[in-house]
Amino acid sequence: MLAWLDGKLVESLVADPSGGLPGCFETMRVCQGRIPWLVDHRARLEATCLASGMASRFELEEAFQACERLAASLEHPMGRLRLTVWMDEDGALHVAVRLVPASPDRGPWQVGVATGHPGWPAGAHKRTYRHPWDSAMDGARARGLDEVLMLDDDGNVVEGTRTSVFVVMADGSIRTPPLDLGALPGVARSRSLLLFAAHGFEVETRPFTWRELVDAREIICTNAWLGAVPVASLEGCQILEQQLGNWLAA
């Protein structure tokens, strides 16, 4: 493990150094000593910090430099980096970076659905308070699933517990839930939309219910650490194709 806390290198760091205090974080992929989507992560974290009054761009500059230094020193080909920003009880700002050698799960996954997504604006930023998402993920693991797609009160699919969602319907159309339902504006989601458009695929940003998933041809989950993960099957339903998901993951 490589770690940095409040301007200094440290020997170790827990996964969530905020201890549940108000804050936000970004999880990034490190590949061959580089952070491929660092610009996107930086923009999202800065927007979250500015919206919550936690930190300025200037205050985050040192942290992002630490991210790049730690990434460059990683001896493993790949790693998972987490940058966390939070306030303590006295209102003091803390910033931590934790980098662990690891390789992402390429799937394919078995997924299910779960109720209880808190909706907008709770999901608009990646905050350290993650109870609804963590609780849904615990339920997924208890059922032997890799992920669950979280639903709002109207039964609309919003996002996964840690992923954005793309669905290829039976007619070949591609859909992804709109962000105004409360989904996180995922870095991999944005990158996937650009890649789809560059190759002539039209993606509809529109609500759809979990019942419509029964007719889906493919389901693809994305996040910045994992990339794109094709879904092999929906719990209790059909075995899915993985053609477009494998292409997006390549």
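Residues numbered from 1 in each chain as written. Predicted model: local features only at pLDDT ≥ 70, side-chain atom pairs only at ≥ 80, totals over all residues. Heavy atoms only, no water.

Draft legend 1. Inspection of the overall build of the chain at higher detail. When helices and strands are tallied, the chain shows five helices and 13 strands. For 250 residues, the compact-globule estimate of 2.2 N^0.38 gives 18 Å, and the C-alpha radius of gyration of the chain, at 18 Å, lies within 12% of that figure. Within the chain, contacts between residues separated by at least 24 positions form 68% of all contacts whose residues are at least 6 apart in sequence. Total accessible area on the chain stands at roughly 11,700 Å², and carbon and sulfur atoms take up 52% of it. Averaging the locations of the 23 positively and 32 negatively charged side chains of the chain gives two centres separated by 4 Å. (Helix = DSSP H or I, 4+ residues; strand = E, 2+ residues; numbered from the N terminus. Rg over C-alpha atoms; globule rule 2.2 N^0.38 Å. Contact = heavy atoms within 4.5 Å. Areas by Shrake-Rupley, 256 points an atom, 1.4 Å probe, with all protein chains shown as cover. Lys, Arg positive; Asp, Glu negative; His and termini not counted. Charge placed at Lys NZ, Arg CZ, Asp CG, Glu CD.)

Draft legend 2. Seen up close, the packing of helix α1 (residues 38-52) against helix α2 (residues 57-73). It is the contact of α1 with α2, at a shortest axis distance of 11 Å, that shows an interaxial angle of 145°. Crossing hand, α1 versus α2: right-handed. Listed contacts from α2 to L38, R42, L45, E46, C49 and L50 of α1 are R57, L60, E61, F64 and E68. Of the residues contributing to the contact of α1 with α2, the split by class is six nonpolar, no polar and five charged. (Axes fitted to C-alpha atoms, helices over the stretch in contact; angles between N-to-C directions. Left-handed = near helix turned anticlockwise from the far one by under 90°. Nonpolar A, V, L, I, M, F, W, Y, C, P; charged D, E, K, R; others polar.)

Draft legend 3. Inspection of the pairing of strand β3 (residues 23-31) at higher detail. Judged by how many residues are buried, β3 sits mostly within the fold: eight of nine residues are covered. In this sheet, strand β4 (residues 78-87) lies alongside β3 in antiparallel orientation, the contact comprising nine bridges. Bridge assignment links C24 to a residue of β4, and that residue is V85. (Buried < 20%, exposed > 50% of the residue type's maximum accessible area, 1.4 Å probe, protein only. Pairing = 2+ DSSP bridges.)

Draft legend 4. Representation of the packing of aromatic side chains in the model. Summed over the entire model, instances satisfying the criterion amount to four aromatic pairs. Where F201 meets W247, the ring centres are 5.3 Å apart and the plane angle is 55°; that geometry is what we call tilted. Remark: W247 occurs in helix α5 (residues 243-249) and F201 occurs in the loop between α4 (187-198) and β11 (203-205); sequence separation between them is 46 residues. One aromatic cluster is present, formed by F166, F196, F201 and W247 through successive ring pairs. Across from the ring centre of W225, 5.3 Å away, lies the NZ or CZ of R80, which sits over that ring. Cation over ring: R82 sits above F25, and NZ or CZ is 3.8 Å from the ring centre. (Phe/Tyr/Trp six-rings, centres within 6.5 Å; stacked < 30°, edge-to-face > 60°. Lys NZ or Arg CZ within 6 Å of the ring centre and 35° of its normal.)

Draft legend 5. Geometry of the layout of surface pockets. Here the largest pocket is characterised by a volume of approximately 890 Å³. Around the largest pocket, the lining comprises 32 residues; the ones closest to its centre are F25, T27, R82, K126 and R162. Sorting the residues of the lining of the largest pocket by element identifies β3, α1, β4, β5 (93-101), α3 (131-142), β8 (157-160), α4 and β12 (216-223) as the ones contributing at least two each. Of the residues forming the lining of the largest pocket, the biggest block, five residues, is contributed by α3. Its volume calculated, the second largest pocket comes out at about 350 Å³. Looking at the lining of the second largest pocket, the elements with two or more residues in it are β3, α4, β13 (227-234) and α5. (1 Å grid on protein atoms, 1.4 Å probe; cavity = no way out; pocket = protein on both sides within 12 Å on 5 of 7 lines; lining within 4 Å. Points joined across faces, edges and corners; volume = space filled by probe spheres on them.)

Draft legend 6. View of the side chain of K126. Among the secondary structure elements, K126 is positioned in the loop between β6 (109-115) and α3. No salt bridge is formed by the buried K126. Its closest oppositely charged neighbour is E26, at 6.2 Å. With sequence-adjacent residues up to four places away left out, K126 is seen in contact with C24, F25, T27, R44 and L184. (Salt bridge = Lys/Arg side-chain N within 4 Å of Asp/Glu carboxyl O.)

Draft legend 7. Region of interest: the pattern of salt bridges. Within the structure shown, the criterion is met by nine salt bridges. For the salt bridge of R44 with E26, the shortest nitrogen-to-oxygen distance reads 2.7 Å. Residue R44 is found in helix α1, and its partner E26 is found in strand β3; the two are separated by 18 residues along the sequence. In this structure, R44 and E26 share a single accessibility class: buried. Between R42 and E61 there is a salt bridge, with the nearest N and O atoms lying 2.3 Å from each other. Taken together, the positions of R42 in helix α1 and E61 in helix α2 put the pair 19 residues apart, joining distant regions of the chain. Among the charged side chains, a network of salt bridges with common partners joins R42, E46 and E61.

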